[in-house]
Amino acid sequence: MFERLTSRLQEVFRNLRGFGTLSEKNIQDALREVRMALLEADVHYATAKDFIERVKQKSLGAEVLASVTPGQQIIKAIHDELVELLGSTRRDFDLTALPAGILLLGLHGSGKTTTAGKLARQWKQQGKKALLAACDIRRPAAIEQLETLGRAAGVDVLKPKPGETVPDLGRRALRHARQNFYDIILYDSGGRFQIDEELVSELKTLRAATEPRNVVLVLDAAIGQESVNVAKTFHEALGLTGLILTKLDGDARGGAALSVVSVTGCPILRVGIGERPEDLETFHPDRMAQRILGMGDIVSLVEKVQATVDLEQAETMQAKLRHADALDLNDFLNQLRQLKKMGPLHKLMDLIPGAATLPGKHLNQIEQQSDQQLKMTEAIILSMTPRERRHPDILNASRRRRIAKGSGVQVSDVNNLIRNFRQARNMMKKVKKMQKRLPLGGLFG
Ligand code: GDP
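Residues numbered from 1 in each chain as written. Predicted model: local features only at pLDDT ≥ 70, side-chain atom pairs only at ≥ 80, totals over all residues. Heavy atoms only, no water.

Student: Hey, could you go over the packing of aromatic side chains for me, with residue numbers and the actual values?
Tutor: Taken as a whole, this structure holds 1 aromatic pair when the rule is applied. Ring geometry for F93 and W123: centres 5.1 Å apart, planes at 80°, overall edge-to-face. One end of the pair, F93, is in the loop between α4 (70-85) and β1 (100-105); the other, W123, is in helix α5 (residues 112-125), with 30 residues separating them in the sequence. The residues F93 and W123 share a single accessibility class, namely buried. Looking at K129, its charged tip hangs above the ring of Y182, at a distance of 4.4 Å from the centre. (Phe/Tyr/Trp six-rings, centres within 6.5 Å; stacked < 30°, edge-to-face > 60°. Helix = DSSP H or I, 4+ residues; strand = E, 2+ residues; numbered from the N terminus. Buried < 20%, exposed > 50% of the residue type's maximum accessible area, 1.4 Å probe, protein only. Lys NZ or Arg CZ within 6 Å of the ring centre and 35° of its normal.)

Put into structure tokens, the structure is as follows:
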């Protein structure tokens, strides 16, 4: 989502690195470019201005360190300010009360109900007993949607009774949660296309009836600058404790994420990165800053891999990513299988340093491998001798013919597979090379 911002910033950094020493003018020019890049990414004007001012103070006043170049020092200052802008440290819901109350609010279509389902699913997986209360009483479809999500996640859903008011429903849900020892109660409130007095007063009565410690706004990042106004208005009216940004997978320019924390003073607790129940991520300001700067996010990548495959395989994959030369056809097959399990490849590639700027062609080629193709790939590779799998370069014409026969495919299929494999290997080499070329490669590992 930050692709454009990332590539603009990298351009600025490339220029900066060209200078052995930096004059005040070099710094001013670079920061002007950074400011333009932020504004283009839809960052709020005042936020961008403050940001640049702070980086400038740090850069101009900083002592020049022997081990890094002045350019790297500025990039570091930008990184640190970005982390600050995104909320400094990771924050989470307050789950200390039992049951812990969470009031989710937001405009219609922001992703409230979907997010309620995703959160309940996460907590259920952590062994917590969660209750979903469907408080959007005017929209039967929303109640039904929540019920479906709850059922899929194995989480109980409490529905309104005919004629019941929102605060009555809230009180009943809380009583039910207390009596039945739930750990968490999530109130999915009603939304509107715009914030109006009626909505605010309904939310206030629900909040008064249930007294949740968490009042969390679900915010659609795709609405750009407008999201800042929405967050501000909700915060002023209801006193938010946290934010969840949704649709960060879309082509939003990312400015919302960079502005809402400073505008509201509330932390971002989670980010929605897709429509599937598992597409909800914990928000780490430092990792996000590194992602924006194009430093990638090896930590998130490893975590994601660990969640899907066992640790040993994950370590092997990490090592292979670092040493593309050692990649052989066994790994190729393993990786294809694992990547399938992990979801869309392009999302994963976002996490790899430098990969965001790779042409999408190679990614798509691998991504488009249907299950059937995967089976064919598997058959072809399994028809090879162990030595051929380890040393694909020995696959001459007669070996390829034998393999095609053995796996019941055409020689052209074997050729295609080898070509794809080589492309994947080259792509990884390229990622590796870009990682080396990136500024601060040494600082961020
Ligand atoms: P509500 O009106 O606030 O309850 O919004 P919904 O939960 O019904 O979501 C509105 C639409 O946004 C649905 O089509 C969701 O699938 C979609 N949506 C929610 N979160 C995300 C997200 O993080 N990414 C994407 N791409 N779509 C999302």
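Student: Before we move on, could you go through the pairing of strand β5 (residues 214-220) and cite the residues and values that matter?
Tutor: With 7 of its 7 residues buried, β5 lies for the most part within the structure. As paired strands, β1 and β5 are joined by 4 bridges and run parallel to one another. Bridge pairing in β5 links I102 to N214. Across 5 bridges, the pairing between β5 and strand β6 (residues 242-246) is parallel. Following the sheet pairing, D220 is matched in β6 by T246. In this view, the connection linking β5 to its parallel neighbour β6 by way of helix α9 (residues 226-238) has right-handed handedness. (Pairing = 2+ DSSP bridges. Right-handed = clockwise from strand over helix to strand, strands pointing away.)

Student: How would you explain empty space enclosed by the protein if you had to name every residue and give the values?
Tutor: Within this structure, the stated rule accounts for 4 cavities of 30 Å³ or more. Here the second largest cavity is characterised by a volume of approximately 40 Å³. Taken together, L86, G87, T89, R90, R91, P267, I268, F283 and P285 form the lining of the second largest cavity. (1 Å grid on protein atoms, 1.4 Å probe; cavity = no way out; pocket = protein on both sides within 12 Å on 5 of 7 lines; lining within 4 Å. Points joined across faces, edges and corners; volume = space filled by probe spheres on them.)

Student: I'd like to hear about the environment of P99, residue by residue, with values.
Tutor: Structurally, P99 can be placed in the loop between α4 and β1. Note: C-alpha distance between P99 and I184 (85 residues apart in sequence) is 4.8 Å.

Student: How would you summarise the nonpolar core if you had to cite specific residues and measurements?
Tutor: Counting 72 residues, the largest nonpolar core has L5, F51, I78, Y187, F234, L258 and I292 as the members making the most contacts within it. Counting residues domain by domain, this core receives three or more from each of domain 1 (3-85) and domain 2 (100-296). By size, the runner-up hydrophobic cluster in this structure holds 22 residues, among which are A100, A153, L186 and V216. (Core = buried A, V, L, I, M, F, W, Y, C linked by side-chain atoms within 4.5 Å. Domains from an automatic or database assignment.)

Student: Describe helix α8 (residues 197-210), with residues and values.
Tutor: Side chains that are three or four residues apart share a direction in an α-helix, a result of its 3.6 residues per turn. Taking 1.5 Å per residue as the helical rise, α8 with its 14 residues ought to reach 20 Å, and the 20 Å between its terminal C-alpha atoms agrees with that figure. Those residues of α8 lying buried are L199, V200, E202, L203, L206, A209 and T210. Looking at the buried side of α8, the elements it contacts are β1, β2 (130-135), α7 (166-179), β4 (184-189) and α9. Count one or two residues on from α8 and you reach E211, which has phi positive near 40°. (Expected span 1.5 Å × (residues − 1). Contact = heavy atoms within 4.5 Å.)

Student: So what's going on with the sheet that holds β4? Residues and values would help.
Tutor: The sheet built from 8 strands is open, its strands ordered β3-β2-β4-β1-β5-β6-β7-β8 with mixed pairing. The sheet is open, and its two borders are formed by β3 (156-158) and β8 (280-282), each paired with just one other strand. Strand-to-strand twist of the sheet, defined as the mean angle between neighbouring strand axes without regard to direction, takes the value 25°. Pairing of β6 with strand β7 (residues 268-272), which is carried by 3 bridges, proceeds in the parallel orientation. For L243, the partnering residue across the bridge sits in β7 and is I268. Sitting on the sheet, α9 is in contact with β1 and β5, with an inclination near 160° to β5. (Axes fitted to C-alpha atoms, helices over the stretch in contact; angles between N-to-C directions.)

Student: Explain the site of the ligand to me, and be specific about the residues and the numbers.
Tutor: The environment of the ligand is formed by 18 residues, the closest being G109, T113, T114, D249 and E275. Burial of the ligand by the surrounding chains reaches 81%, relative to a free accessible area of 580 Å². Tallying contributions element by element places α5 first for the shell around the ligand, with 4 residues. Of the residues belonging to the shell around the ligand, the class tally is 2 nonpolar, 10 polar and 6 charged. (Near = heavy atom within 4 Å. Areas by Shrake-Rupley, 256 points an atom, 1.4 Å probe, with all protein chains shown as cover. Nonpolar A, V, L, I, M, F, W, Y, C, P; charged D, E, K, R; others polar.)

Student: Can you break down helix α10 (residues 255-264) residue by residue, with the values?
Tutor: Counted residue by residue, α10 has 8 buried out of 10 residues, so it is predominantly covered. Looking one or two residues beyond α10, the residue adopting positive phi is G265, at roughly 75°.

Student: Please set out the side chain of S110 residue by residue, giving values where relevant.
Tutor: Inspection of the secondary structure puts S110 in the loop between β1 and α5. S110 gets classed as buried once you look at its relative accessible area, which sits at 4%. Side-chain polar atoms of S110 contact the backbone oxygen of V218, separated by 3.4 Å. If we ignore the near neighbours within four places in the chain, the residues touching S110 are V218, D220, T246 and K247. (Polar contact = N/O pair within 3.5 Å; in protein donor to acceptor, adjacent residues only side chain to side chain.)

Student: Help me get a handle on the packing of α7 against α8, residues and values and all.
Tutor: Packing of α7 against α8 brings their axes to within 8 Å, and their N-to-C directions diverge by 25°. The angle between α7 and α8 falls in the class roughly parallel. For the pair α7 and α8, the sense of crossing is right-handed. Residues V166, P167, G170, R171 and L174 of α7 pack against E202, T205, L206, A209 and T210 of α8. In terms of residue class, the contact of α7 with α8 is built from 5 nonpolar, 3 polar and 2 charged. (Parallel < 35°, antiparallel > 145°, perpendicular 65-115°, else oblique. Left-handed = near helix turned anticlockwise from the far one by under 90°.)

Student: Which residues make up the pairing of β7, and what are the values?
Tutor: Judged by how many residues are buried, β7 sits mostly within the fold: 5 of 5 residues are covered. Across 3 bridges, β7 lies against β8 in antiparallel orientation. Note on β8: the bridge partner recorded for G272 is L280.

Student: Lay out the packing of α8 against α9 with the relevant residues and their values.
Tutor: At a minimum axis distance of 10 Å, the contact between α8 and α9 shows a crossing angle of 50°. Between α8 and α9, the angle is such that the two are oblique. For the crossing formed where α8 meets α9, the hand is right-handed. For the pair formed by α8 and α9, the contact residues are L199, V200, L203, K204 and R207 on the first element and F234, A237 and L238 on the second. Across the contact of α8 with α9, the residue classes tally to 6 nonpolar, no polar and 2 charged.

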